[in-house]
Amino acid sequence: MGTNGSTMLKPLRQGLPPLDPSAVSSAASCALPARYEAVREARKFTRRTLDQWDLGDRFDDVCLVVSELVTNALRHALPANTPRAVDQNPPVRLHLMRWTERLVCAVRDPSHDSPVAQDSGDFSAESGRGLFLVESFSDGWGWHPLAGTLSGKVVWALFQLQSDTAPNDA
């Protein structure tokens, strides 16, 4: 492809997606437990929410991105030595927000580390590949550090939606 491996994917540290929060037509969120089963719970929540919003046809792409974002959040939010207190505030939260022509998935985690895709050239490597998938299946992604009383960051992915609901005349 002729691209320099180290510059293939630069995280967009540009704050929230370029959308007006007051114009959100629908929003849903769920707290995810600090366990790897959380990825399955996030997929179920995403399926239910997209079905309610009549966006079930976008489920495959959105679900893949949600799975990667949640997996990354768990991997970085749950260092191996972190005690798993049952009554602890769930550290990872998934938000789905819908505008007329856009859908945003955002995952909050307690880590301050910038999300970086490692381009090791080794496609069998587990780590770092998720953000390439996020970029491939979404129409844009980015992240921003949390302010105020919440610590950590939010990583988000944006999906364009069809503006018309008429069936395709194929």
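Position numbers for residues start from 1 in each chain and track the written sequence from start to end. Since the coordinates come from a predicted model, pLDDT governs what is reported: local features require at least 70, and pairs of side-chain atoms require 80 or more to be given and counted, while whole-chain, interface and lining totals use all residues. As a rule here, side-chain values come from all non-hydrogen atoms in the structure, and water together with hydrogens is ignored.

Draft legend 1. Here's a closer look at the side chain of K153. Going along the chain from the N terminus, every DSSP run of H or I of four or more residues is numbered as a helix, and every run of E of two or more is numbered as a strand. With respect to the helices and strands, K153 occurs in strand 5 (residues 153-160). Pairs of residues are marked as contacts when any of their non-hydrogen atoms sit within 4.5 Å. Residues contacting K153, with those up to four places away along its chain left out, are V107, R108, D109, S111, D113, P115, W143, H144, P145 and L146.

Draft legend 2. View of the pattern of salt bridges. Between Lys or Arg on one side and Asp or Glu on the other, a salt bridge is scored when a side-chain nitrogen of the former is within 4 Å of a carboxyl oxygen of the latter. By the definition in use, this model includes four salt bridges. Residues E37 and R35 are paired through a salt bridge, measuring 2.9 Å at the closest nitrogen-oxygen approach. Look at E37 and you get partly exposed, because its relative accessible area is 33%. Residue classification places R35 among the partly exposed residues on the basis of a relative accessible area of 40%. Ionic pairing is found between R47 and D51, a salt bridge with its closest N-O pair at 3.9 Å. Here R47 pairs with D51, and both are found in helix 1 (residues 38-52), just four residues apart, close to one helical turn. A 1.4 Å probe rolled over the protein chains alone gives each residue an accessible area, and that area as a share of the maximum for its type sets the label: buried under 20%, exposed over 50%, partly exposed in between. By relative accessible area, R47 is classed as partly exposed at 35%. Exposure remark for D51: the relative accessible area of 41% places this residue in the partly exposed category. Taken together, the salt bridges that share partners define one network made up of R35, E37 and E41.

The analysis is restricted to geometry; functional conclusions fall outside its scope.
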